[in-house]
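A look at the structure
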Amino acid sequence: MSSPSKRREMDLMKLMMSDYKVEMINDGMQEFYVDFPGPSDSPYHGSVWRIRVELPDAYPYKSPSIGFINKIYHPNVDEMSGSVCLDVINQTWSPMFDLVNVFEVFLPQLLLYPNPSDPLNGEAAALMMRDRAAYEQRVKEYCEKYAKPEDIGAVPEEKSSDEELSDNESDSSDEQVAGKADP
Amino acid sequence: MRKAGRTGVRQDQRHHHSRLNEIDENWVLRPSVDQEPNLIQTDLSPPSSPSTSSATESRIEPITVSLLVSNRTPRTRQNFKWVSKNRRAHAVKPKFVKRSELGSPNNEVGSLNSLDSDIGSLSIEQKVNTKQEKGGDEEEGEGRERGWRETIEVSESVEDVDGIFSRLEKFQLGVEEPELSEEQLRINDQLQGDELLAMESIYGDNVFILDRHDGLRSFQIHTHIEAPSGIAITAMLNSSDELQTKIDSSDDFSYSFRVEYLPPILLTCLLPKPYPSHLPPYFAISVRWLDSSKISNLCSKLDSIWREQLGQEVIYQWVEWLQSSSLSHLGFDKEIMLGTCGKRLTGDRRAVSGISSPDVDIPLIKSYNDERHLENFLTNLHECCICFSEYAGTEFIRLPCQHFFCCKCMRTYSDMHIKEGTISKLQCPDTKCGGMVPPALLKRLLGDEEYERWESLMLQKTLDSMSDVAYCPRCETPCIEDEDQHAQCSKCLFSFCTLCRERRHVGIACMTPELKLLILQERQNSSQLKEEQKHREREMINEILSVKEILRDAKQCPSCKMAISRTEGCNKMVCDNCGQYFCYRCNQAIDGYDHFRSGTCDLFPQEVIQEWEERINPRQVLGQIQAELFAAHGQACPNCGQFNAKIGNNNHIFCWACQVHYCYLCKKIVRRSSQHYGPRGCKQHTVG
């Protein structure tokens, strides 16, 4: 449709104008990456996440899908895939909201006030309800590990870094197991 | 005049006289070039008499005359012609009347001369005469007298062009227009024509040319006063009839509002032949929101503008002055005080005031303002805040909450929500507004089919929110439930139990589904059953079986009894139907995670944790399986304490929990296996 693309262009431009680093994925103006800093006054402060935004065809009547590329520990964000619970955005979405709104208002609010009634990350939700301090600690740990500002440039999509240490050695031991016969 | 009625009239006449004197200062009547009593008075005066008119005084009278005469007529120009014809007829009468009424030859002579003061009386007599002629219709005469007064007092229809025009013609009657040479007339005519053309080109649609009457040009110009930053209008709300010229006590209630557009000032003009060389145009100013005295003030100003440049065209100056300076001249440039319609005003007869009372005037002004705003909106381009395209105002839809969006966007928005079924979100798209979209508008936006769907969804939603609504098992109409689980359908009069949806069974418990199932299944085999009934019961069987199946796996929400089965996630369930949180393990309604903290129910069932761990760390599963398989031999990891099984004979153990290698024999962490195992160190493969 022709007129919504004007809307998309305007929204993208506005987003770029408000000092967010935006990187297009392809020329279709459907998906792009944005670097999003954690809101101050939250345990997410000081970290940066790369966020993948996908605008559906029916945008702006339908809300965009938001996904975190690098890991984040949050009750409403799926840890493995990084996708944000769609319902939470959809409930409050209006065609007059734009992308700047999402990054200036909606996401910070989500990070500051997670919605435990609809958790994608049940463990995080449970931890938050049970022991707030531990939850914040965990959040900070994840931030340290995965969301340092310098990480953003280097982070490839959806690779977890847990297994780095053991890869080489475990291979060799497995082979050993298979190879040698019992004495 | 000895007769009472006429005396009364005469008093008024005098009164009028004095009023005219006041006006006369500003509105100078040109002395006739030759003192002939022709022109308007032609009809009246008999042919012979030379005029010995006392010029000044008598000139005033004709106005009276014309007023009185013309008052007999309804305010249409056609009738006016009739009047003029009659005037001719009346010319005969005076002789007759005077002989009978006056009896004095002097008077007779004098009154025959149109410009005598007695002409006033003549015309009165004329009036009376005609009244008598008509059979002495008292009422009519009085009506006439009253009507004459009424021209000043009661606010007339400002829009009544004919009325105003006839007034102008009255003015004309009262003026002795000078005779002009052919040349002069031609020049004037030319100038007038040019001026009118100029006016049309400057003011465009705001100039209304009226039909030429007697070959004279006449028109009405609408002067729009606009205040882009708004102008305040204040109305004093008090019960007094008197015109208040200043704000009195603070006890008076006043009402103020702002507008950007004011109803126009109408300047109606009749151009006489001696304009612009000798006479100004006859004009009347009509304003809906000014009282007579203010308008009279404006009239005076117009007079003085004329006087400043006698002999030149003046209409443009007039209109420009009205447009730009009239408000400030009245002291109204910041705020307009709405006057009241006073009953005893002494105003210029060229002032036509539309004021009546605040409860009429205020809505009038406001609605004009709104109309103009709307017109302005419709003709201009606006940007829709959803799609950022520009359209003319006519392409926009405005909701009752005053937010407006382009038709296309509203249509797409509505369509999407109807398709998705999310009609509860079908409200004003504005982020904070949430205003309702009126159904009539929806009908226009959506097609018939979609509108029907919307209606049924709305109905459904409303009914669902009402807890005591049950659907009749036979005809599916919604019914209200009474106490005791009973409802009666208003359509088919079926009285049923809301729990089991069978016929009402007072005192007996509902049939259990199992029993029902058995009975139905039995009946399937019966030969007596008609095909249709058999089919229906077959459906019922299927339904019961489905419910059975559902209930096998699923749990029911403790508040709305909706069957919910858990496919993944934790045991804290939220019912999609009613929003109630409940525990899947024990089916209790809960609130938050506290329930899982204390004891009985786990938040995550074991298999879910297992799955999650599998996903997170495949080695864990492997490790756990191995631990099970080789349970006999295993060793806790020196690093994290996790028990790991020794696999086969291999003493080199890999801890799945912390990913460290250690030796089964010496229980130490092994960093380089080649170093650790060898002839000198531990043996890597041993049995046991």
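An account of the accompanying structure is given in this report. Just so you know, these numbers come straight off a predicted model, no measurement behind them.

1. Overview of the nonpolar core
The biggest cluster of nonpolar side chains holds 45 residues, and the ones touching the most others in it are Leu262, Leu267, Ile285, Trp289, Ile315 and Trp318 of chain B. Among the elements that take part in this core, helix α9 (residues 292–308) of chain B stands out by supplying 6 residues, more than any other. Non-local contacts of Ile315 of chain B, meaning those with residues more than four positions away in its chain, are made with Glu195, Met199, Phe219, Ile221, Cys269, Leu271, Tyr275 and Pro281 of chain B. Core analysis: the next-biggest nonpolar cluster, separate from the first, contains 39 residues, Phe32, Ile51, Ile89 and Leu107 of chain A among them.

2. Brief notes about the interface of chain B and chain A
With 37 residues of chain B at the contact, the number on the chain A side is 37 residues. For the pair chain B and chain A, the two sides together bury roughly 3300 Å², of which 59% comes from carbon and sulfur. Ranking the residues of chain B by area buried against chain A places Phe388, Tyr593 and His685 of chain B at the top, with a combined share of 18%. For the interface between chain B and chain A, the tally reads 1 salt bridge. Across the pair Glu420 of chain B and Lys62 of chain A runs a salt bridge whose closest N-O atoms are separated by 3.2 Å. At the surface where chain B touches chain A, the tally comes to 4 residue pairs in polar contact (both at pLDDT 80 or more). Only α13 (407–420), β19 (572–574), α19 (606–616) and β23 (652–654) of chain B provide two or more residues apiece to the side of chain B that touches chain A. When the residues that make up the side of chain B that touches chain A are grouped by side-chain class, the tally is 17 nonpolar, 11 polar and 9 charged.

3. A look at the state of the cysteines
All names here are of chain B. The full count for this structure, using the stated rule, is 0 disulfides over all chains. Left without a disulfide partner, Cys409 is nearest to the cysteine sulfur of Cys387, which lies 3.5 Å away. Residue class for Cys409 comes out buried when judged on its relative accessible area of 2%. Between Cys428, a free cysteine, and Cys401, which holds the nearest cysteine sulfur, the sulfur-to-sulfur gap is 3.7 Å.

4. Quick notes on the packing of helix α4 (residues 122–130) of chain A against helix α5 (residues 132–146) of chain A
When two helices pack together, their arrangement is given by the angle between the helix axes and by the axis-to-axis distance. All names here are of chain A. Look at α4 against α5: their axes get within 5 Å of each other, and the N-to-C directions meet at 135 degrees. Classified by the angle between their axes, α4 and α5 sit oblique to one another. Note on element contacts: α5 touches α4 through Arg132, Ala134, Tyr135 and Arg138, opposite Glu123, Ala124, Leu127, Met128 and Arg130. A class-by-class count of the residues in the contact of α4 with α5 yields 5 nonpolar, no polar and 4 charged.

5. Overview of unusual backbone geometry
In this chain, Tyr59 of chain A is followed by Pro60 of chain A through a cis amide linkage whose omega measures 5 degrees. Within the element layout of this structure, Pro60 of chain A appears in the loop between β3 (48–54) and β4 (65–68). Here Tyr275 of chain B and Pro276 of chain B are connected by a cis peptide whose omega angle stands at 0 degrees. Along the chain, Pro276 of chain B falls in the loop between β5 (265–271) and β6 (282–287). Residue Asp41 of chain A is not a glycine yet carries a positive backbone phi of 70 degrees.

6. Observations concerning the sheet that holds strand β7 (residues 335–338) of chain B
Residue and element names in this part refer to chain B. Strands sit in the order β4-β3-β7 across an open sheet of 3 strands; the sheet is mixed. Among the strands making up the open sheet, the edge pair consists of β4 (253–261) and β7. Neighbour-to-neighbour, the strand axes of this sheet turn through a mean angle of 25 degrees, independent of strand direction. Contacting β3 (226–237), β4 and β7, helix α12 (residues 358–379) runs over the sheet at an angle of about 25 degrees to β4.

7. Considerations on the packing of α19 of chain B against helix α20 (residues 618–629) of chain B
Residues and elements named next belong to chain B. Here α19 crosses α20 at 120 degrees, and the two axes come no closer than 5 Å. Contacts between α19 and α20 pair Gln610, Glu613, Glu614 and Ile616 from the former with Pro618, Gln620, Val621 and Gln624 from the latter. Broken down by class, the residue content of the contact of α19 with α20 amounts to 3 nonpolar, 3 polar and 2 charged.

8. Concerning the sheet that holds β4 of chain A
Residue and element names in this part refer to chain A. As summarised here, the arrangement of the 4 strands in space is β1-β2-β3-β4, forming an open sheet in which the pairing is antiparallel. Whereas interior strands pair on both sides, the edge strands pair on one side only; in this sheet they are β1 (22–24) and β4. Strand-to-strand twist across the sheet, computed as the mean angle between neighbouring axes with direction ignored, equals 25 degrees. The pairing of β3 with β4 spans 4 bridges and is classified as antiparallel. Bridge assignment links Glu54 to a residue of β4, and that residue is Ser65. Docked against the sheet, helix α3 (residues 99–112) engages β2 (31–37), β3 and β4, running at close to 50 degrees with respect to β2.

The rules behind these values
All residue numbers here refer to positions counted from 1 along the written sequence of the relevant chain. Just so you know, chain letters begin at A and ligand numbers begin at 1, following the order they were written in. Only residues with pLDDT of at least 70 are given local features in this predicted model, and only at 80 or more are side-chain atom pairs given and counted; all residues enter the totals for whole chains, interfaces and linings. The basis for every side-chain value is the complete set of non-hydrogen atoms in the structure, without hydrogens or water. Only buried residues count toward a nonpolar core. Its members are Ala, Val, Leu, Ile, Met, Phe, Trp, Tyr and Cys residues joined through side-chain atoms within 4.5 Å. Throughout this description, buried means an accessible area under 20% of the type-specific maximum (1.4 Å probe, protein chains only), exposed means over 50%, and partly exposed covers the range between. Strands are runs of DSSP state E lasting at least two residues, helices are runs of H or I lasting at least four, and both sets are numbered from the N terminus onward. Any two residues having at least one pair of non-hydrogen atoms within 4.5 Å are treated as being in contact. We define buried area as the total accessible area lost by two parts upon association, computed with a 1.4 Å probe and summed across both. A pairing counts as a salt bridge when a side-chain nitrogen of Lys or Arg comes within 4 Å of a carboxyl oxygen of Asp or Glu. N or O atoms within 3.5 Å of each other form a polar contact, as long as, within protein, one can give a hydrogen and the other can take it, and as long as residues adjacent in sequence are counted only when both atoms are side-chain atoms. Basically, the charged four are Asp, Glu, Lys and Arg, the nonpolar ten are Ala, Val, Leu, Ile, Met, Phe, Trp, Tyr, Cys and Pro, and anything else, Gly included, counts as polar. Note on terminology: pairs of cysteine sulfur atoms within 2.5 Å are recorded as disulfides. Note on geometry: axes are C-alpha line fits, over the in-contact stretch for helices, and angles between N-to-C directions span 0 to 180 degrees. Should an angle fall under 35 degrees it is called roughly parallel, over 145 degrees roughly antiparallel, and 65 to 115 degrees roughly perpendicular, with every other angle called oblique. Paired strands, in this sense, are two strands between which DSSP finds at least two bridges.

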